[in-house]
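Residue-level listing of the chains:
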Amino acid sequence: HLHNMKSDVKAVRKNSTGTVFGGRTRLRGIILGSTSSSSAGQVTLRDGNNVDQFIVDVPAGDTFAYNLAEDGILFEGGMSIQAISNCTVTVILDK
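Owing to the predicted nature of the structure, the values given are computational and were not obtained by experimental measurement.

When you go through the protein residue by residue, the secondary structure sums to zero helices and nine strands. Reading the secondary structure of the protein in the N-to-C direction produces β-β-β-β-β-β-β-β-β. By the compact-globule yardstick of 12 Å for 95 residues, the protein fits well, its C-alpha radius of gyration being 13 Å. By principal-axis analysis of the C-alpha atoms, the protein measures approximately 40 × 35 × 15 Å. Accessible surface, the protein: about 5,300 Å² in total, of which carbon and sulfur atoms supply 44%.

Right under this line is the structure:
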């Protein structure tokens, strides 16, 4: 089953809380890189309606990469990092 991407995507790298994208978008993929050799990392992505849509962990000293199937996860009204610990994150999302 070949799936054509319906729109352009972009990657945003962050290591702190704050805005990732200002409008409606879809999460297509995520890459987490641990910055600690002893503590697991975690990121919480929140939409513009203050709903936490995606929470993901990365083991200490490891890298985690995940591509979401089909249409990804919809973020109405924007995307922000609500919480981040012991990692950097690269978010792949619709432009």
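There's more to say after this.
Glancing now at the environment of Leu-74. Its place among the elements puts Leu-74 in strand β7 (residues 73–75). For Leu-74, a relative accessible area of 24% puts it in the partly exposed group. For the pair Leu-74 and Thr-25, spaced 49 residues apart in sequence, the C-alpha to C-alpha distance is 6.1 Å. Excluding residues within four positions of it along the chain, Leu-74 makes contact with Arg-24, Thr-25, Arg-26 and Gln-53.

This brings us to the side chain of Thr-90. Turning to its location among the elements, Thr-90 is positioned in strand β9 (residues 87–94). Thr-90 has contacts with Ala-11, Val-12, Arg-13, Gly-29, Ile-30 and Ile-31, leaving out every residue within four places of it along the chain.

Moving on: the nonpolar core. Grouped together as the largest cluster of nonpolar side chains are 21 residues, with contacts concentrated most on Leu-27, Val-43, Leu-45, Phe-54, Met-79, Val-89 and Val-91. At the level of elements, β2 (18–21), β3 (25–34), β4 (41–47), β5 (52–58), β7, β8 (79–85) and β9 are the ones that each hand at least two residues to this core. Leave out the neighbours within four places in its chain, and Val-89 touches Val-12, Arg-13, Lys-14, Ile-30, Ile-31, Leu-32, Val-43, Ile-81 and Ile-84.

Another aspect to go through is the environment of Ile-55. Here Ile-55 is to be found in strand β5. Between the C-alpha atom of Ile-55 and that of Ile-92, which follows or precedes it by 37 residues, the distance is 15 Å. When residues no more than four places from it in sequence are discounted, the contact partners of Ile-55 are Gln-42, Val-43 and Thr-44.

Rules used in this analysis
- Residues numbered from 1 in each chain as written.
- Predicted model: local features only at pLDDT ≥ 70, side-chain atom pairs only at ≥ 80, totals over all residues.
- Heavy atoms only, no water.
- Helix = DSSP H or I, 4+ residues; strand = E, 2+ residues; numbered from the N terminus.
- Rg over C-alpha atoms; globule rule 2.2 N^0.38 Å.
- Areas by Shrake-Rupley, 256 points an atom, 1.4 Å probe, with all protein chains shown as cover.
- Buried < 20%, exposed > 50% of the residue type's maximum accessible area, 1.4 Å probe, protein only.
- Contact = heavy atoms within 4.5 Å.
- Core = buried A, V, L, I, M, F, W, Y, C linked by side-chain atoms within 4.5 Å.

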